[in-house]
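Overview (structure and organization)
One-letter residues, chain by chain:
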Amino acid sequence: MSPEIEENMEGEVIFPVSADVSFASDGFPKYKLGPDNQILEEPKEDSKGPSLKEVVEQETMQLSDQHKRLSVRDLACKFDKNLTAAAKPKLREVASLEGHVLLKKLRDALESLRGRMAGRNKEDVEKAISMVEALAVKLTQKEGELIQEKFEASEDANKLVNQEKSFACAEIESARAVVQRIGEALDEEERDAQNSKNQDVEELVEEVQEARRIKLLHQPSKVIDMEHELRALRNQIREKSIVSVKLQKELAKSKRAEQNKLAPYVLDGSETLGSSLQLKPRSDSSSPLSKCSVQWYRVSSEDSQNEVISGANKTFYAPEPFDVGRVLQVDIVSNGQKVIVTTSGPIEPAARLATHVENLLRKSSSEFSVVISQMNGQDHPSHSVHVFNVGKMRLKLCRGWITKAREIYSATMQLCGVRTNANTAARSLFWQPRKGLSFVLTFESERDRNAAIMLARKYAYDCNTVILAGPEDQV
C-alpha cells in the first residue's frame, strides 16, 4: 500500500463479518451484497432462526452466487481498467484510492469468510485472498511506475523548455543584431540619399542658370533657326552615309570585277539562290580545268573571312540558303599558281521563296516529290518517284508504303545542296540520315529544293538545336 492510501485508511474502521454472529442461537445473521460490494445486514427477526443445516446450505448458495457475480478475474479486469484510467493526470489519485479501498474491503470480507468455510470452499477463499494480495502488489507497482514516469516526463519537459528557451534567446539575439544592421544600413542610405539629393539640386540649379544665360545671349528666333539647321544637317549626314555604303559596295564590286577581268577563268550563271554557277576558262590559252584543283569558299561580308565549303571542289556549284548574302569565291591552283575568281556581289535570295516557306511552316509537315539520283555514293538505277517528308521532329523518305529512311533530327544528320558537277545541282540536295547511309535527291524545281532545306534546318534547330549542313561546314 502506498503511504497516501495508508493515511486515508487509518480513520476508517472495518468490522469483520464474523463479529455479528450470534453464538447463543447457533445461527448466522442474514446479509447480502449491495452497491460497490458493500455487505448489507437485514433486520433480525424476533422469532428463532433457522437450523444450522439450513444456514449452512443458504450460506453455500450465497457464496456460489457471490463467486459468479464477483469473480477474481472480473476484479482483475476492473483493476486493470482503473490502472489505465489512472494514466490521466486529473483522475489518477481518485482511481488509485478507489482501487486500494476496494481491495481492502474485499480482503476483509474474504478473511471473514475463510474462518467459516471448510474443505474446498476454504481453499477457493484462500486462493481468492492470494489473488487479491497479488492485485494489491501489482497496483502498488503500477503506481510507482506512474510516479516515476511522471517524474521523468517532468524532467524531460523541463529540459525541452530550457532548450527551446535557449534557442529562442539565440534567435532573439540574432534578430536583434539583424535589425540593428538594417537600421544602420537604412540610416546610411538615408544620409547618402540626402547628400545625393542636395548634389542633384545644385547641379540642376547650375543647369538652369546656364540655360538662362544662353537664352539671354541668343534671341528666340535665332535658336529656332539653329534647330532647323541641325535637323537638316542630320538628314544630310544620314543620306550621305547611305550613299557611302552603296559606294563602298560598288567599289568592292568593281574591284572584284577588275580582278575577275584579269583572271583567266570566269563564273557563268545567275548569282541568285536557285541557280547554278559554272567555272569556265576565259580564253583558249587558259589551262584546262581538268588539270587544276578547285575549291569554293564563302566570304563573310562582316569580317571578310573565307569559310571552306566542304565537298565543293568541282567546276559546278549551286548556291544554297547558307550562301544568301555572302560572296562566293573560287580558288584555282594550276602549276603551283593560284587564281582567285569571285562573284560580282553577294548571292541574292530567290523571289517569293520566304513567303512560300512561311506558308509551309504553318503545316505540321510538308511533302515533296523527289527522285533518288545516288545512294551511298553510287548511282541509283531506278528513277521512280519517292516522297520526301519534312516534319517538325524527323525526315522521312518513302515510296508508297515502303519507307527507305526515317530519322529524327540529330547531330549526325547532314543536309546541304549537291556540290558536284551534276547538271541538276540546282534541284538536288545531299541527305545523310545517319552514318553509313546517304542519298542524293532531285526535286521537281529549284524552289522545292531550297524550301525543303530551309524547313529542315528550321525544324532541326527548334527541336534539338542542331544545325544541318554539309560535311565539316563552318556555320
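Structural notes, computed from the coordinates. Every value quoted in this text rests on a predicted model; they were computed, and no experiment measured them.

Okay, the overall build of the chain next. The helix and strand inventory of the chain stands at 8 helices and 17 strands. When burial is assessed residue by residue, the chain has 30% of its 475 residues classed as buried. The long-range fraction of contacts in the chain, counting pairs at least 24 apart against all pairs at least 6 apart in sequence, stands at 56%. Summed over its atoms, the accessible surface of the chain is roughly 31,900 Å², and 53% of this surface lies on carbon and sulfur atoms.

Let us now look at the pattern of salt bridges. Enumeration over the complete set of coordinates arrives at 10 salt bridges. Its salt-bridge partner being glutamate 320, residue arginine 298 comes within 3.9 Å of it at the nearest N-O pair. Here arginine 298, found in strand 5 (residues 293–299), pairs with glutamate 320, found in the loop between strand 7 (316–317) and strand 8 (327–334); they are 22 residues apart in sequence, far enough to count as distant. A residue is classified by how much of its surface remains accessible, and glutamate 320, at 1% relative accessible area, is buried. Glutamate 407 is paired through a salt bridge with arginine 434; the nearest N and O atoms lie 2.6 Å apart. Of this pair, glutamate 407 sits in strand 14 (residues 402–408) while arginine 434 sits in strand 16 (residues 428–434), and the two are 27 residues apart along the sequence. Looking at arginine 434, the relative accessible area reads 37%, which means it is partly exposed.

Right, let's talk about helix 8 (residues 446–464) for a bit. Residues three or four positions apart in an α-helix share a direction because the helix packs 3.6 residues into each turn. Look at helix 8: 27 Å from first C-alpha to last across 19 residues, which is about the 27 Å you get at 1.5 Å a residue. Looking only at helix 8, the buried set comprises Asp448, Arg449, Asn450, Ala451, Ala452, Ile453, Leu455, Ala456, Arg457, Tyr459 and Ala460. Directly beyond the C-terminal end of helix 8, a positive phi value near 55 degrees is found at threonine 465.

As summarised here, the arrangement of the 4 strands in space is 6-5-8-9, forming an open sheet in which the pairing is antiparallel. For this open sheet the edge positions go to strand 6 (306–308) and strand 9 (337–342), each flanked by a neighbour on one side alone. With strand direction ignored, the average angle separating the axes of adjacent strands in the sheet is 35 degrees. As paired elements, strand 5 and strand 6 share 3 bridges and run antiparallel to each other. Counted as the bridge partner of tyrosine 297 is valine 308 from strand 6.

Quick notes on the rules
- In every chain, residue numbers begin from 1 and rise along the written sequence.
- Selection of residues for local features in this predicted model requires a pLDDT of at least 70, selection of side-chain atom pairs for listing and counting requires 80 or more, and totals for whole chains, interfaces and linings are taken over all residues.
- To obtain the side-chain values, all non-hydrogen atoms of the structure were included, while hydrogens and water were left out.
- Counting from the N terminus, the helices are DSSP H or I runs at least four residues long and the strands are E runs at least two residues long.
- Relative accessibility decides the category of a residue: with a 1.4 Å probe and only protein chains considered, values under 20% of the type maximum give buried, values over 50% give exposed, and everything between is partly exposed.
- Only heavy atoms matter for contacts: two residues are in contact if any of them lie within 4.5 Å across the pair.
- A 1.4 Å probe and the Shrake-Rupley method give the accessible areas. Residues count as covered only by the protein chains that appear here.
- Salt bridge, as applied in this entry: a Lys or Arg side-chain nitrogen positioned within 4 Å of an Asp or Glu carboxyl oxygen.
- Here a helix's expected span is defined as the number of its residues, less one, multiplied by 1.5 Å.
- A pair of strands is labelled paired if DSSP reports no fewer than 2 bridges between them.
- The axes are straight lines fitted to the C-alpha atoms, using for helices just the contacting stretch, and the angles between their N-to-C directions are given from 0 to 180°.

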